[in-house]
Amino acid sequence: METKLHNFLNSNLLNKYLVGDTSIEESKDVEHFISNYPEAAQAYEELQDNLEIVAKAGAIEAPNHILSNLLDTIEDTNDTKVIHLAQNRRTPWYSIAASAAAILFAVTSFILYQKNIQLNQENNIVVEEIFDLRSDIESNNSKLDQLSRELLKLNNPDARKYVINGNERAKNLKTVAYINPVEKTSMIDVITLPQLPEEQQYQIWAELQDRMVNLGILDESDRRLKQIPYMEDALALSIKIGTKGNNANENDTEVAEISLKDK
C-alpha cells in the first residue's frame, strides 16, 4: 500500500485535481487518497496554500484611469446601454494573464517540490556512500597501521631473517621466517607453496633438543606475514607435508629445513 501512495504522490493527479483537469475516475482516486491517507491530504493542502499565495502575489490591480473611464461610461449611458454593456463586456486581458501566471506558477512550484524530494533522496544516498567510504578508509588505515607495526618488527635490529627453500620434493617452495630473540616473537612470510593434493597440507615444525613441536599449518592463501609461536631453544625450523584431519606427525615428509644456530 505504501508503494501505491508513493506512486500517487509522485504522479501529477493532485495538481490536475486542484485545477479541475481530472476525469471522473481520476477525481475519485484523488478523493480516495485524500480521505484515507494523511500524507495525501497534507500534500493537497500544501498545494492549495501554494496556489493561494501565488494567486495573491500575482494579482494585478486595474490601472486607475481604466476604472475611472468605466465609471464615466456607466453614468453617461441609460439602463438599456448598461444592460447591453454588461452582456458584451469581456474579461480584461490582464486578469486572464494574471490567472494563467498563477496557475503556471503553481504547477511549477509543484514540479519543483517533487524535484526537491528527489534531490533529498539522492542526497541521502550520497551521504550513505560517504559513510561507507569513510568506513572503508578507517578499515584500510587500520590494516596499514597493522602492516606498519609488522614492518617495524621486521626492521628491528634484533630480528633475524631466515629464508627457507624447498628441497627436491618441493623445489618451488619458499618462505621467510623472522625471529626476534629479544622480544621473543616469530613470524613467517609465505612466498610460494607448490600445490598439494586435496587431502594434504603443509605444516611448520620447530626442532628442539629432545623433540619436534608443530607450530601450525601453512597455506598458499596465507601469502602474508603470519605470527607463529616463539620457541626459546629451537635448533631449526622445518616444513613438512602431512595429511589433513590427522594429528601432526613428526615423521611426515620433510620438504624444507633451516638451522637457527648458524646466525
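About the criteria used
- Residues numbered from 1 in each chain as written.
- Predicted model: local features only at pLDDT ≥ 70, side-chain atom pairs only at ≥ 80, totals over all residues.
- Heavy atoms only, no water.
- Helix = DSSP H or I, 4+ residues; strand = E, 2+ residues; numbered from the N terminus.
- Buried < 20%, exposed > 50% of the residue type's maximum accessible area, 1.4 Å probe, protein only.
- Areas by Shrake-Rupley, 256 points an atom, 1.4 Å probe, with all protein chains shown as cover.
- Core = buried A, V, L, I, M, F, W, Y, C linked by side-chain atoms within 4.5 Å.
- Contact = heavy atoms within 4.5 Å.
- Patch = residues over 30% accessible without salt bridge, like charges linked within 9 Å, V, L, I, M, F, W, Y side chains within 5 Å.
- Salt bridge = Lys/Arg side-chain N within 4 Å of Asp/Glu carboxyl O.
- Lys, Arg positive; Asp, Glu negative; His and termini not counted.
- Charge placed at Lys NZ, Arg CZ, Asp CG, Glu CD.
- pLDDT = per-residue confidence, 0-100.
- Pairing = 2+ DSSP bridges.
- Phe/Tyr/Trp six-rings, centres within 6.5 Å; stacked < 30°, edge-to-face > 60°.
- Axes fitted to C-alpha atoms, helices over the stretch in contact; angles between N-to-C directions.
- 1 Å grid on protein atoms, 1.4 Å probe; cavity = no way out; pocket = protein on both sides within 12 Å on 5 of 7 lines; lining within 4 Å.
- Points joined across faces, edges and corners; volume = space filled by probe spheres on them.

Student: I tried to follow the overall build of the protein chain on my own but got confused; where do I start?
Tutor: A tally of helices and strands in the protein chain yields 7 helices and 8 strands. Relative to its full complement of 263 residues, the protein chain shows a buried share of 28%. Of the accessible surface of the protein chain, which amounts to about 18200 Å², a share of 51% is contributed by carbon and sulfur atoms.

Student: Just checking my understanding: could you explain the nonpolar core for this structure?
Tutor: Most often, soluble globular proteins have nonpolar side chains that are buried together. One finds L173, Y202, L215, L218, L237 and I239 to be the most contacted residues of the largest nonpolar core, which totals 27 residues. With sequence-adjacent residues up to four places away left out, I239 is seen in contact with I164, L173, T175, Y202, Q203, I204, L218, T253, E254, V255 and A256.

Student: Help me understand a negative patch on the surface in this model?
Tutor: On the surface, E128, E129, D132 and D136 cluster together into a patch of negative charge. Position of D136 among the secondary structure elements: in helix α7 (residues 93-155). Using a relative accessible area of 44% as the deciding quantity, one classes D136 as partly exposed.

Student: Is there a simple way to think about the confidence of the model for the protein chain in this case?
Tutor: Note that predicted coordinates carrying low pLDDT should not be read in detail. Of the residues in the protein chain, 74% have a pLDDT of 70 or more, and the chain-wide mean is 77. Between residues 78-89, whose pLDDT stays under 50, and residues either more than four places distant or in other chains, the model counts 3 contacts.

Student: Mind showing me how you'd approach the pairing of strand β3 (residues 185-192) here?
Tutor: On a regular strand, one side chain projects to one face of the sheet and the next to the other, so that they alternate. Across the 8 residues of β3, 6 count as buried, placing the element largely inside the fold. Linking strand β2 (residues 174-180) to β3, which pair antiparallel, is a turn of 4 residues; within it K184 sits at a positive phi near 60°. Of the strand pairs in this sheet, β3 and strand β6 (residues 225-228) are connected by 4 bridges, and their pairing is antiparallel. Looking at β6, one finds that I188 is bridged to K226.

Student: Looking at this structure, I do not really get the packing of aromatic side chains. What am I missing?
Tutor: The description of an aromatic ring pair rests on the distance of the ring centres and on the angle between the ring planes. Tallied over the full model, the rule gives 3 aromatic pairs. Taking 4.2 Å as the distance between ring centres and 5° as the angle between the ring planes, the aromatic pair formed by F8 and F33 counts as stacked. Of this pair, F8 sits in helix α1 (residues 2-10) while F33 sits in helix α3 (residues 24-36), placing them 25 residues apart in sequence. Each member of the pair, F8 as well as F33, is classed as buried.

Student: What am I meant to see in the pattern of salt bridges here?
Tutor: It is possible for side chains bearing opposite charge to pair when their charged atoms get close. Taken as a whole and judged by the stated rule, the model has 4 salt bridges. Its salt-bridge partner being R211, residue D210 comes within 3.3 Å of it at the nearest N-O pair. Note on D210: relative accessible area 62%, which makes it exposed. You can call R211 partly exposed: its relative accessible area is 45%.

Student: Please explain the sheet that holds strand β7 (residues 236-243) as it appears in this structure.
Tutor: Across a sheet, paired strands are connected by hydrogen bonds in the backbone, their directions being either parallel or antiparallel. On the basis of which strands lie adjacent, the open sheet formed by 4 strands has the order β5-β4-β7-β8 and antiparallel pairing. Looking at which strands have only one partner, the edges of the open sheet turn out to be β5 (212-218) and β8 (253-259). Within the sheet, the average angular offset between the axes of one strand and its neighbour, ignoring direction, is 25°. Pairing geometry for β7 and β8, over 6 bridges, is antiparallel. Within the sheet, the bridge partner assigned to I239 lies in β8 and is A256.

Student: Sorry, what's going on with the layout of surface pockets here?
Tutor: Any empty space left between the atoms is revealed when a probe the size of a water molecule rolls over them. Approximately 270 Å³ is the volume attributed to the largest pocket. Forming the boundary of the largest pocket are 14 residues, of which L196, Q200, D219, E220 and K244 lie nearest the centre. Residue assignment for the lining of the largest pocket shows that the elements contributing at least two residues are β4 (200-207) and β5. For the lining of the largest pocket, the element with the highest residue contribution is β4, accounting for 3 residues.

Student: Which parts of the structure should I look at to understand the sheet that holds β3?
Tutor: The sheet built from 4 strands is open, its strands ordered β1-β2-β3-β6 with antiparallel pairing. Each edge of the open sheet carries a strand with a single partner, namely β1 (160-165) and β6. Looking at each pair of strands side by side, their axes are set apart by 25° on average, direction ignored. Here 7 bridges tie β2 to β3, and the two strands are oriented antiparallel to one another. Note on β3: the bridge partner recorded for I179 is S186.

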